[in-house]
Amino acid sequence: MDTTLESALRGAGLKATAGRVAVLEAMESMAHTDAERVFRAVSEVLPTTSIQSVHNILADLTTAGLLRRIEPAGSAALYERRTGDNHHHVVCTQCGAIGDVDCVVGEAPCLTPSSAGGFTVQTAEVTFWGVCPSCQNAA
Ligand SMILES: [Zn+2]
Ligand SMILES: [Zn+2]
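Cut-offs applied
- The residue numbering used here restarts from 1 in each chain and proceeds along that chain's sequence as written.
- Here chains are named by letter from A upward and ligands by number from 1 upward, in the order in which they appear as written.
- This being a predicted model, a pLDDT of at least 70 is required before a residue's local features are given, and a value of 80 or more before pairs of side-chain atoms are given or counted; all residues contribute to the totals for chains, interfaces and linings.
- The side-chain values count all of the structure's non-hydrogen atoms but skip hydrogen atoms and water molecules.
- Bear in mind that the domain bounds are from an automatic or database domain assignment.
- One requirement defines pairing of two strands: DSSP has to find at least two bridges between them.
- Each helix is a run of H or I in the DSSP string that is no shorter than four residues. Each strand is a run of E no shorter than two, and both are numbered from the N terminus.
- Here an angle of 0 to 180 degrees is reported between the N-to-C directions of two axes, which are lines fitted to C-alpha atoms, with helices fitted over the stretch in contact.
- Atoms of type N, O and S within 2.8 Å of a metal are treated as its donors, and for Na, K and Ca the window is 3.2 Å; water is not considered, so some sites may appear to be missing partners.
- Buried residues are those whose accessible area, probed at 1.4 Å on protein chains only, stays under 20% of the maximum for their type, while exposed residues exceed 50% and partly exposed ones sit between those limits.
- The definition of a polar contact used here is a pair of N or O atoms within 3.5 Å, where within protein one atom must be able to donate a hydrogen and the other to accept one, and adjacent residues in sequence count solely through side-chain atom pairs.
- The criterion used for residue contact is that any of the two residues' heavy atoms lie within 4.5 Å.
- Here the metal geometry follows the donor angles, with tetrahedral for four donors whose angles all fall between 85 and 135 degrees, square planar for four and octahedral for six when opposite donors are more than 155 degrees apart and every other angle is between 65 and 115, and irregular for all the rest.

Draft legend 1. Fine view of the domain arrangement of the protein chain. Each assigned domain of the protein chain is listed here: domain 1 (3-70) and domain 2 (84-138). Placing the centre of domain 1 and that of domain 2 at their C-alpha centroids yields a distance of 25 Å.

Following this line, the structure appears as structure tokens:
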């Protein structure tokens, strides 16, 4: 078991269960991953795990700030380890490939609306849509 991941979990106030460690470990090598893919990777290490427990673990890790959840229109919820830098995403309209785009400001909200109608703005969710390099090459 990876002790760095265990201490990350404890630092976030969570118990370092085998399931949570396995999910974080699987996510180290995957960016923008849906629960189904996480489940397939985790069940290789923990054959007794279920898709429902993977969903629960992903929700707990997201609430604790260890994972970030994004949900581009038309896509399942996706999770990533890169948290806390307010980065944005660019999504291919043809194949759904997702890339990270650094936020120039680095913290939320990085955009200020001209008028927020009295709301206190906490975050701006920016998704860029376009065509990825491999779809451009295929065209
Ligand atoms: Zn594409
Ligand atoms: Zn990302």
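From this point, the discussion proceeds with the structure in view.
Draft legend 2. Spatial organisation of the sheet that holds strand E5 (residues 98-101). One open sheet accounts for three strands, arranged E5-E4-E6; its pairing is mixed. Each edge of the open sheet carries a strand with a single partner, namely E5 and strand E6 (127-130). Each adjacent strand pair in this sheet contributes to an overall mean axis angle of 25°, direction not counted.

Draft legend 3. Expanded view of the coordination of the zinc ion (ligand 1). The coordination sphere of the zinc ion (ligand 1) contains the protein donors Cys 92 (SG), Cys 95 (SG), Cys 132 (SG) and Cys 135 (SG), at a distance range of 2.3 Å. Each donor residue of the zinc ion (ligand 1) belongs to the same chain, and together they define the spacing C-x2-C-x36-C-x2-C. Given the relative accessible area of 46%, Cys 95 is considered partly exposed.

Draft legend 4. Local environment of the side chain of Thr 49. Along the chain, Thr 49 turns up in the loop between helix H3 (35-45) and helix H4 (51-63). A distance of 3.1 Å separates the side chain of Thr 49 from the side chain of Ser 53, its partner in a polar contact. With residues up to four places along the chain from it excluded, the contact list for Thr 49 reads Phe 39, Val 42, Ser 43 and Val 54.

Draft legend 5. Layout of the sheet that holds strand E2 (residues 68-70). Strand order in the open sheet formed by three strands is E1-E3-E2, and the pairing between neighbours is antiparallel. Edge positions in the open sheet fall to strand E1 (33-34) and E2, since each of these has one partner strand only. As defined by bridge partners, E2 adjoins strand E3 (residues 78-80) across three bridges and the pair is classed as antiparallel. By the bridge assignment, Arg 68 is partnered in E3 with Glu 80.

Draft legend 6. Structural view of unusual backbone geometry. Looking along the chain, the bond that leaves Ala 108 and enters Pro 109 is cis, with omega of -15°. Along the chain, Pro 109 falls in the loop between E5 and E6. Its identity as a non-glycine residue notwithstanding, Asn 86 has a phi of 55°, on the positive side. Within the fold, Asn 86 resides in the loop between E3 and strand E4 (88-92). Of the residues examined, Asn 86 reaches a relative accessible area of 13% and is grouped as buried.

Draft legend 7. Region of the structure containing the coordination of the zinc ion (ligand 2). Coordination sphere of the zinc ion (ligand 2), protein contribution only: His 32 (NE2), Glu 80 (OE), Glu 80 (OE), His 87 (NE2), His 89 (NE2) and Asp 100 (OD), at 1.9 to 2.7 Å. Angles of 53 to 172° at the metal separate the six donor atoms of the zinc ion (ligand 2), which places the site in the irregular class. Each donor residue of the zinc ion (ligand 2) lies on the same chain, and together they follow the pattern H-x47-E-x6-H-x1-H-x10-D. In this pair, His 32 sits in the loop between helix H2 (18-28) and E1 while His 89 sits in strand E4, placing the two residues 57 residues apart along the sequence. The exposure class of His 89 is buried, given its relative accessible area of 5%.

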